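Chain by chain, the residues run as shown.
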Amino acid sequence: MQMTFRWYGEDDPVSLSYIRQIPGVTGIVSAIYDVPVGEVWPREKIERLLERVQQAGLNLSVIESVPVHEEIKKGGRERDRYIENYQKTLENLGACSIPCVCYNFMPVFDWTRSGLAHPLPDGSTTLIYEKEAVDKMKPGGDLSLPGWDASYKKEELQALVEEYRNLTEEDLWGNLAYFLNKIIPTAERANINMAIHPDDPPWSVFGLPRIIKDEASIERLLALYDSPRNGLTLCCGSLGADAGNDTVGLVRRFAHRIHFAHIRNVKLLGEQSFCEVAHPTACGSLDIAGVMKAYYEAGFTGFIRPDHGRMIWDEAGRPGYGLYDRALGASYLCGLWEGFSRSGLQQKEKGEE
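K.L.:
For helix H8 (residues 215–224), give the residues involved together with the corresponding values.
P.N.:
Along H8, the residues that are buried comprise Ser217, Ile218, Leu221 and Leu222. Considered in projection along H8, the buried side chains sweep an arc of 135 degrees and stay on one side of the axis. Exposed residues pointing more than 90 degrees away from the buried face of H8 are listed as Ala216 and Ala223. Contact partners of the buried residues in H8: helix H7 (169–190), strand E7 (193–196), strand E8 (230–235), helix H9 (236–239) and helix H10 (247–254).

So, in structure tokens, the structure goes:
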């Protein structure tokens, strides 16, 4: 297991020097943020990012993410041009020895929440998804979250949403299969593990189709292109928002194809409603200790990051991406891992006596 931390570049109030001070964290998860979605990432920009991270004494472990252009997702006329650009970006990342790329296939919107500063009983604030509030929202008009493509004008965004409403889940599956058949061979040549992120939350939002949301859909995804390079970013917080998903079981079932793990706890608040909480198991509805134990017992050697965090100790910053609570989360996860490791060593020593 390699512990990593998300960094949004030089404009991120959480600096690399701060991240370097978190015990156990050795890797950075980042991206190139000033290239328009769908255009080729120049190799020199990737090299500058790599050099900046290495100068801070860290490794550039995962690119999160190389966004998939909407033309690809909706099977538009220009999808082949954007897929070619994606392939060139992967080639440039491979030339810089980047081992893993996280991406998603969610139409229009990345992860979605209804509130960014929901107060918790302990005085911290957190992200929340309330079905009733989301159902009343106008897509793109009420909220903006880190990771969303903000390049669209309001009218363009509304038109795009309407286009997607004419697509079925099967249409989206077909477009994903087309994409994977083009880019996985490139990833194989570039020695890059492609790790798709599940839909967050794992159900339709704003009437748009979503397809990566449970065990059956993950099995279908992996069968679309049977290659070790076609793998997962398994986000237990995303999948765990649906009480029907067994997050521990999903880790055990798919560990061999998980390249990147997002660890986040959520508290279920009713049907299709939840808020994010601190990482420890006792704070929410997910068995985070069980998830980490499943990774340990599977011999997981991929990348893990604490995913999202509350705002605590009067910190102000990017919603979900402050320093303090994510640092606490990383320390908790590393502590669990060390405990499993020591327990395993002790059992081995007893067996040898």
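K.L.:
I'd love a proper account of unusual backbone geometry, names of residues and values included.
P.N.:
Among all residues save glycine, negative phi is the norm, and among peptide bonds the norm is trans. Here the amide bond leading from Glu64 into Ser65 is cis, since omega sits at 0 degrees, within 30 degrees of zero. Tracing the backbone through its elements, the reader meets Ser65 in the loop between strand E3 (59–64) and helix H3 (70–73). Of note, the amide linkage connecting Asp200 to Pro201 takes the cis form, showing an omega dihedral of 0 degrees. Inspection of the secondary structure puts Pro201 in the loop between E7 and H8. The residue Asn191 is not glycine, and still its phi comes out positive at about 60 degrees.

K.L.:
An account of the sheet that holds strand E6 (residues 125–129) is requested, with residue identities and associated values reported.
P.N.:
The four strands are arranged E5-E6-E11-E10 in an open sheet whose pairing can be described as antiparallel. Two strands close off the open sheet at either side, each with one partner strand: strand E5 (115–119) and strand E10 (265–270). Recorded for the sheet is a direction-independent mean angle of 35 degrees between the axes of neighbouring strands. As paired elements, E10 and strand E11 (residues 273–277) share five bridges and run antiparallel to each other. Residue pairing for E11: Lys267 is matched across the bridge by Cys275.

K.L.:
Quick one: what's the story with the packing of H10 against helix H11 (residues 288–297), residue by residue and with numbers?
P.N.:
Relative placement of two packed helices is described by the angle separating their axes and the distance separating the axes. Running from N to C, H10 and H11 point in directions that differ by 10 degrees, and their axes come no closer than 8 Å. In this view, H10 runs roughly parallel relative to H11, as classed from their interaxial angle. Judged by residue contacts, Thr247, Val248, Val251 and Arg252 of H10 engage Gly290, Val291, Ala294, Tyr295 and Glu297 from H11. Across the contact of H10 with H11, the residue classes break down as five nonpolar, two polar and two charged.

K.L.:
So, the pairing of strand E9 (residues 258–263): which residues are in play, and what are the values?
P.N.:
Across the six residues that make up E9, a large majority, six, are buried. The sheet contact formed by E8 and E9 spans four bridges and is parallel. Residue pairing across strands places Thr233 opposite Phe260, the latter belonging to E9. Examined bridge by bridge, E9 and strand E12 (residues 303–306) share four bridges and lie parallel to one another. By the bridge assignment for E12, Ala261 is matched with Ile304.

So, how was this worked out
Residues numbered from 1 in each chain as written. Predicted model: local features only at pLDDT ≥ 70, side-chain atom pairs only at ≥ 80, totals over all residues. Heavy atoms only, no water. Buried < 20%, exposed > 50% of the residue type's maximum accessible area, 1.4 Å probe, protein only. Helix = DSSP H or I, 4+ residues; strand = E, 2+ residues; numbered from the N terminus. Arc of directions from axis to C-beta. Contact = heavy atoms within 4.5 Å. Pairing = 2+ DSSP bridges. Axes fitted to C-alpha atoms, helices over the stretch in contact; angles between N-to-C directions. Parallel < 35°, antiparallel > 145°, perpendicular 65-115°, else oblique. Nonpolar A, V, L, I, M, F, W, Y, C, P; charged D, E, K, R; others polar.

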